[in-house]
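Observations on the model geometry
Here is how the chains run, residue by residue.
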Amino acid sequence: MDFSTPEPVQAIARRVREFIDAEVVPLEPFYGEHIDGIRPDRLEAVRARAKAAGLWGPQLPKDLGGLGLSLQEIVPVFEEAGRSLIGPAALHCSAPDEGNMHLLHMFANPEQVERYLRPLAAGQIRSGFAMTEPPPGAGSDPNMLLTRAVRDGDDWIIDGHKWFTSGADGAAFLIIMARTNPDVPTHKGATIFLAPIETPGIEIVRRVPIMGGDDLGGHCEIRFNNLRLPHSAILGEEGQGFALTQKRLGPARLTHCMRWTGLAQRALEIATQYANEREAFGSKLSGHQSIQWMLADSATELHAGRLMIHQCAWLLAQGSDARQESSMCKVFVAESVNRVLDRAIQICGAKGISRDLPLSRWYEAIRAFRIYDGASEVHRMVIARQVVKKYGST
Ligand SMILES: Cc1cc2nc3c(=O)[nH]c(=O)nc-3n(C[C@H](O)[C@H](O)[C@H](O)COP(=O)(O)OP(=O)(O)OC[C@H]3O[C@@H](n4cnc5c(N)ncnc54)[C@H](O)[C@@H]3O)c2cc1C
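Each value, and the rule that gives it
Residues numbered from 1 in each chain as written. Predicted model: local features only at pLDDT ≥ 70, side-chain atom pairs only at ≥ 80, totals over all residues. Heavy atoms only, no water. Domains from an automatic or database assignment. Contact = heavy atoms within 4.5 Å. Buried area = accessible area lost by both parts, 1.4 Å probe. Axes fitted to C-alpha atoms, helices over the stretch in contact; angles between N-to-C directions. Helix = DSSP H or I, 4+ residues; strand = E, 2+ residues; numbered from the N terminus. Parallel < 35°, antiparallel > 145°, perpendicular 65-115°, else oblique. Left-handed = near helix turned anticlockwise from the far one by under 90°. Nonpolar A, V, L, I, M, F, W, Y, C, P; charged D, E, K, R; others polar. Core = buried A, V, L, I, M, F, W, Y, C linked by side-chain atoms within 4.5 Å. Buried < 20%, exposed > 50% of the residue type's maximum accessible area, 1.4 Å probe, protein only. Phe/Tyr/Trp six-rings, centres within 6.5 Å; stacked < 30°, edge-to-face > 60°. Lys NZ or Arg CZ within 6 Å of the ring centre and 35° of its normal. Pairing = 2+ DSSP bridges.

Observations regarding the domain arrangement of the protein
- Entries for the protein in the domain assignment read domain 1 (7-94), domain 2 (127-239) and domain 3 (242-391).
- Relative to domain 3, the C-alpha centre of domain 1 lies at a distance of 20 Å.
- The interface is formed by 17 residues belonging to domain 1 together with 22 residues belonging to domain 3.
- Summing both sides of the interface, domain 1 and domain 3 together bury roughly 1600 Å²; the carbon and sulfur share of this comes to 64%.

Structure representation (structure tokens):
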């Protein structure tokens, strides 16, 4: 395994770093001024600058207007983009559109590519991925999927209740997971549908208010009431929904890890600068051992997380599904970046809690990472199953 970054990719990562510092960080004081986080005209302007700088869509194929980088190559690039909460949206590599584009690129037919993927890749429209349901429906356990799609001639009629569909408010279309065959388990009986948001029967009930403030398009509660879609709205094949979703979630988990590593790295830098300037009990804070240990633990965990991301990206590139490793990576990075943020706030004292620094906002935002794309407990369950299988019998 060689995890060194090729020089051309290092150059892109450096340019992304410069772009984030010059064009994106200055927008941070405005974060929260609009329900979408940043005002749409400001986002449009910075996206235009990202395009002009040749940094649009690092992960997107060149024929879709991106830089055409592989999963391994985007590791350092996404980390640099993630140094600001606004960075990934500015470069068009933020969730949920980034994962949705990946899914469509793998499975959309030519008509779906033209209708959905091309305008999405160009940043002209946004999308939402509607899988999670409020209790008693599917959350951690996909087998509890209650949203039903029933065949009616050439059409399908969908009824169901979703929530936490990120980005749905203002999205042009939804990717909907529904059960098409109730007689078999979800992994064989669920199907993905693509639906323009204005289709009668789609009701955006509300943007669910969340800690850390709202994001682009919110995290929406949605009802499907007698939603009629043609058979051609299916992505891939009937009954393949769960298999397709696994293809989306594996890499999407890793890209989340890359972006959050960038934010946690910046938190470490902010905390280190504060510790190097602030004095207490006769020395700089950075001279006190307990502070040094916090800095050391954060640097070590960031380093370990990066190595796990790199190794997992490498495994996926070899054709492995990296099931075990991607779960390990998700658990470790989600929990360690939370710890890094927590330590950074502790080191900065009251200033860390204040909104004078961005740390408290990031701390609120990063908490959800331990829950979405598979909560830590569920990934541990997956890991433990393999451990027991491998070592459980004498
Ligand atoms: C900010 C944010 C954005 C999101 N965006 C999207 C999106 O765009 N599209 C989408 O479809 N979903 C989205 N989600 C939903 C997310 O995928 C779910 O929250 C996640 O799958 C967990 O489901 P749940 O919330 O229903 O938790 P539940 O299933 O109710 O679980 C609650 C808790 O119990 C734990 N638990 C569950 N099973 C076990 C077990 N066997 N052993 C021990 N503990 C267990 C879980 O780990 C969790 O901590 C988003 C969530 C958040 C917070």
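Let us keep going from here.
Thoughts on the packing of helix α1 (residues 7-24) against helix α2 (residues 40-52)
- For the pair α1 and α2, interaxial distance at closest approach is 11 Å and the crossing angle is 150°. Relative to α2, the element α1 lies roughly antiparallel. Like other packed secondary-structure pairs, α1 and α2 cross with a definite hand, here right-handed. Every residue of α2 that contacts α1 at F19, E23 and V24 is listed here: V46, R49 and A50.
- Class assignment for the residues of the contact of α1 with α2 results in 4 nonpolar, no polar and 2 charged.

Some words on the nonpolar core
- Ranked by internal contacts, the top residues of the largest apolar core, which has 62 residues, are V16, L91, I309 and L359.
- Looking at this core, the elements that each hand over two or more residues are α1, α2, α3 (74-81), α4 (87-91), α8 (241-277), α9 (289-317), α10 (323-353) and α11 (359-366).
- In terms of residues, this core owes the most to one element, α8, which gives 12 residues.
- Counting contributing residues, this core receives three or more from each of domain 1 (7-94) and domain 3 (242-391).
- Not counting chain neighbours up to four residues away, the residues in contact with V16 comprise L55, V77, E80, A81 and L91.
- M101, L103, L194 and L235 belong to the second-largest nonpolar core, a separate cluster that totals 23 residues.

Focus on the packing of aromatic side chains
- The tally for this structure, following the rule as stated, stands at 5 aromatic pairs.
- Ring geometry for W163 against F164: centres 5.1 Å apart, planes inclined by 85°, an arrangement best described as edge-to-face.
- Put simply, the rings of W260, F369 and Y372 pair up and form one aromatic cluster.
- Sitting above the plane of the W56 ring, K51 keeps its charged end 4.5 Å from the centroid.
- Above the ring of F369, the side-chain terminus of K330 is found at 4.7 Å from the ring centroid.

So, unusual backbone geometry
- A95 connects to P96 through a cis peptide bond whose omega is 0°.
- A cis amide bond links P135 to the next residue, P136, at an omega of 10°.
- Checked against the element boundaries, P136 lands in the loop between β1 (127-130) and β2 (148-152).
- Positive phi outside glycine occurs at H92, with the angle close to 65°.
- Relative to the assigned elements, H92 resides in the loop between α4 and α5 (97-107).
- On the basis of relative accessible area, H92 is assigned to the buried category, the value being 2%.
- Phi is positive for F281, which is not a glycine, with a value near 55°.
- Positionally, F281 belongs in the loop between β9 (279-280) and β10 (283-284).

Some remarks on the pairing of strand β7 (residues 219-230)
- Inspection of the sheet shows strand β3 (residues 155-166) paired to β7 by 9 bridges, in the antiparallel sense. Bridging across to β7, D155 finds its partner in P230.
- For strand β6 (residues 202-207) and β7, the ladder comprises 5 bridges, and the chain directions are antiparallel. The partner of I202 across the bridge, within β7, is F224.

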